[in-house]
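Here is what each chain is made of, one letter per residue.
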Amino acid sequence: MSHVSRAQTTALTTLLPASPIIADLGRLFAEAGHQLYLVGGCVRDALLGQLGNDLDFTTSARPDESQRLLRQFTRTVWDIGSDYGTISAQAIRDGRDWLIEVTTFRADTYRSDSRKPEVVFGETVHDDLIRRDFTVNAMALDVSDPSPAGWRFVDPHGGLADLTDRLLRPPSSPEISFGDDPLRMMRAARFASQLNFAVDPATVAAMKQMAGRIEIVSIERVRDELSKLLLTDAPRPGLDLLVATGLAAIVLPELPAMQLERDEHLRHKDVYEHSLTVLDQAIELEKARGHEPDIVNRLAALLHDIGKPATRRFEGPKVTFHHHDVVGAKLVAKRLKALSYPTHVVKSVAKLIDLHLRFHGYSDGGWSDAAVRRYVRDAGDELERLHILTRADCTTRNRQRA
């Protein structure tokens, strides 16, 4: 059995629960004279042996025709993305809820100063795949045949080989791809974490060279991509990539600013590395306590020491960061507002950073019952998150001190 056949066997096995829906849609579009392909992350995840409840398709049909056909398939159809060629639908089969998106072949163009693409419909699936972000997301499955055995794998840019090598690179040159949509540079960081893939050296070099182009992207898109990165199981590789390429210096400058130069006596921890470790530990505690991924928890863990660069002082043999909690709360509120995070997120993260040192005096044995009640009262609705942040912030290897 060939490498491709093995991969397709894995994909078809993974897609088995969705096969009736895929086959019915393929038949419906084919009978109307249109091509239909399962595409992008669905194909990638199926090849990896994973599949969620989202099914993404690309088609030769124009949006109004896709909408007409989908209404024959399910009652729940909406056209909120029709200007971009996308019609969405919801279908329930065998008790499982499927979210379906059908998008007309795209061949978008971008102006050098544009924040949004000029939507241009393509004529072939190849027009569509070349405009996608990475080769591993530029594979498709032609599902026009009524039998899954007849579905045809389409991979013009070597996505399967890159999937095997766990490598991220664009289907076109990185300069063209990132020039078209600079947000793809941040997506490279997100997928590096989400998939645990490496980014190929030429792509990293282009990210460094073109980092400044991220400034033309709307702040809401940047914020959403940053949040998606932070909500992965292991954000560290992606954050390191943002810092190494200079993207973080533009979208979250306080993060690389925590790479404080250490004095010859090594009198304080590397604040940047410490912050990433706290984030790692906060995620572990989040899971251990049965919580869903929490953007407030993760922003607070990553940025809890955001005030240290501004408050660092050398006092004889010691280095101090007096009031970095208070300063950090103000700095994080300013940054998160600039990133257009919701007010409740800004307030919660700032409150956690303001309070993150409060518990440290408890081990000295000086806390009265009233002090404990005051701590709980001040934390309010953020008490559980404060517990997680306080425990995660303990990164010492000295077990007695911990």
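Look up: the structure comes first, before these words.
To keep things clear, this report deals only with the structure shown in the data block. Predicted model only: the values in this text are computed from it and were never measured.

1. Topic: the overall build of the chain
Part 1 of the argument: Across its full length, the chain carries 20 helices and 11 strands.
Part 2 of the argument: Viewed in the frame of its principal axes, the chain has a C-alpha envelope of about 80 × 45 × 45 Å.
Part 3 of the argument: Scored against the burial criterion, the 402 residues of the chain give a buried share of 50%.
Part 4 of the argument: The contacts in the chain between residues at least 6 apart in sequence include a share of 67% that link residues at least 24 apart.
Part 5 of the argument: Approximately 19,000 Å² of the chain is accessible, and the part contributed by carbon and sulfur atoms is 50%.

2. A closer look at unusual backbone geometry
Part 1 of the argument: Phi at Arg166 takes a positive value of approximately 55°, unusual for a residue other than glycine.
Part 2 of the argument: On the basis of relative accessibility, which here comes to 38%, the residue Arg166 falls in the partly exposed class.
Part 3 of the argument: We note that Asn196 has phi near 60°; this positive angle belongs to a residue other than glycine.
Part 4 of the argument: Mapped onto the fold, Asn196 is located in the loop between helix 8 (183–195) and strand 9 (198–199).
Part 5 of the argument: The exposure class of Asn196 is exposed, given its relative accessible area of 54%.

3. Some remarks on the sheet that holds strand 4 (residues 86–93)
By definition, the strands of a sheet pair up through backbone hydrogen bonds, in either a parallel or an antiparallel sense.
Part 1 of the argument: An order of 3-4-5-2-1-6-7 is seen for the seven strands of this open sheet, with the pairing classed as mixed. At either margin of the open sheet sits one strand with a lone partner, and together these are strand 3 (76–78) and strand 7 (152–154). This sheet shows a mean twist of 25° between the axes of neighbouring strands, independent of strand direction.
Part 2 of the argument: As paired strands, strand 1 (residues 36–39) and strand 2 (residues 54–59) are joined by three bridges and run antiparallel to one another. Directly across from Tyr37, in strand 2, lies its bridge partner Thr58.
Part 3 of the argument: On top of the sheet, helix 2 (residues 19–31) reaches strand 1, strand 2, strand 4 and strand 5 (96–104); it is set at about 20° to strand 2, its chief contact.
Part 4 of the argument: Strands strand 2, strand 3, strand 4 and strand 5 of the sheet are contacted by helix 4 (residues 63–73), whose axis makes an angle of about 10° with strand 4.

4. Overview of the packing of aromatic side chains
Part 1 of the argument: A complete count under the given rule lists two aromatic pairs for this structure.
Part 2 of the argument: Relative to Phe105, the ring of Tyr37 lies with its centre 6.1 Å away and its plane at 50°, an arrangement referred to as tilted. Of this pair, Tyr37 sits in strand 1 while Phe105 sits in the loop between strand 5 and helix 5 (125–130), and the two are 68 residues apart along the sequence. This pair shows no difference in class: Tyr37 is buried, exactly as Phe105 is.
Part 3 of the argument: Both rings, one in Phe134 and one in Phe191, keep their centres 6.0 Å apart while their planes meet at 85°; by these two values the pair is edge-to-face. Separated by 57 residues along the polypeptide, Phe134 in the loop between helix 5 and strand 6 (140–142) and Phe191 in helix 8 bring together distant segments of the chain.
Part 4 of the argument: Assessed through its relative accessible area of 0%, Phe134 is described here as buried.
Part 5 of the argument: Phe191 gets classed as buried once you look at its relative accessible area, which sits at 5%.
Part 6 of the argument: The ring of Phe191 is capped by Arg190, whose NZ or CZ atom sits 4.5 Å from the centre of that ring.

5. What to know about the packing of helix 8 against helix 10 (residues 219–230)
Part 1 of the argument: One can describe the packing of helix 8 onto helix 10 by two numbers: an axis separation of 9 Å at closest approach and a directional angle of 10°. Overall, the two elements helix 8 and helix 10 adopt an arrangement that is roughly parallel. Here Leu183, Met186, Arg187, Ala189, Arg190 and Ser193 of helix 8 come into contact with helix 10, specifically with Arg221, Val222, Glu225, Leu226, Lys228 and Leu229.
Part 2 of the argument: Partitioned by chemical class, the residues of the contact of helix 8 with helix 10 number six nonpolar, one polar and five charged.

6. Remarks on the environment of Pro182
Part 1 of the argument: With respect to the helices and strands, Pro182 occurs in the loop between helix 7 (174–180) and helix 8.
Part 2 of the argument: In this structure, the C-alpha to C-alpha distance between Pro182 and Phe29, residues 153 residues apart in sequence, is 34 Å.

7. What about the pairing of strand 1?
Part 1 of the argument: Of the two faces of strand 1, the one holding Leu36 and Leu38 and the one holding Tyr37 and Val39 are both buried throughout.
Part 2 of the argument: Here strand 1 runs beside strand 6; their pairing, made up of three bridges, is antiparallel. Looking at the pairing, Val39 lines up with Ala140 of strand 6.

8. Focus: the packing of helix 8 against helix 11 (residues 236–245)
Part 1 of the argument: The interhelical angle for the contact between helix 8 and helix 11, taken along N-to-C directions, is 150°, at an axis separation of 7 Å. Classed by the angle they form, the pair helix 8 and helix 11 counts as roughly antiparallel. For the pair helix 8 and helix 11, the sense of crossing is right-handed. Residue-level contacts link Met186, Ala188, Ala189 and Ser193 of helix 8 to Arg236, Pro237, Gly238, Leu241 and Leu242 of helix 11.

9. Here's the deal with the nonpolar core
Part 1 of the argument: Grouped together as the largest cluster of nonpolar side chains are 110 residues, with contacts concentrated most on Leu38 and Phe57.
Part 2 of the argument: Apart from residues no more than four positions distant in its own chain, Leu38 is found in contact with Leu15, Ile22, Val43, Leu55, Asp56, Phe57, Met139, Ala140, Leu141 and Val143.
Part 3 of the argument: Counting residues in each nonpolar core, the second largest holds eight residues, with Val39, Phe105, Leu129 and Val154 among its members.

10. Points about helix 9 (residues 201–210)
Because an α-helix completes one turn every 3.6 residues, residues spaced three or four positions apart along the sequence face the same direction.
Part 1 of the argument: Within the span of helix 9, buried status applies to Thr203, Val204, Ala206, Met207 and Met210. Buried residues along helix 9 cover an arc of 160° about the axis, so they all sit on one side. Facing away from the buried side of helix 9, by more than 90 degrees, are the exposed residues Pro201 and Gln209.
Part 2 of the argument: Buried residues along helix 9 sit in contact with strand 8 (167–168), helix 7, helix 8, strand 9 and helix 11.

What counts and how
Residues numbered from 1 in each chain as written. Predicted model: local features only at pLDDT ≥ 70, side-chain atom pairs only at ≥ 80, totals over all residues. Heavy atoms only, no water. Helix = DSSP H or I, 4+ residues; strand = E, 2+ residues; numbered from the N terminus. Buried < 20%, exposed > 50% of the residue type's maximum accessible area, 1.4 Å probe, protein only. Contact = heavy atoms within 4.5 Å. Areas by Shrake-Rupley, 256 points an atom, 1.4 Å probe, with all protein chains shown as cover. Pairing = 2+ DSSP bridges. Axes fitted to C-alpha atoms, helices over the stretch in contact; angles between N-to-C directions. Phe/Tyr/Trp six-rings, centres within 6.5 Å; stacked < 30°, edge-to-face > 60°. Lys NZ or Arg CZ within 6 Å of the ring centre and 35° of its normal. Parallel < 35°, antiparallel > 145°, perpendicular 65-115°, else oblique. Nonpolar A, V, L, I, M, F, W, Y, C, P; charged D, E, K, R; others polar. Left-handed = near helix turned anticlockwise from the far one by under 90°. Core = buried A, V, L, I, M, F, W, Y, C linked by side-chain atoms within 4.5 Å. Arc of directions from axis to C-beta.

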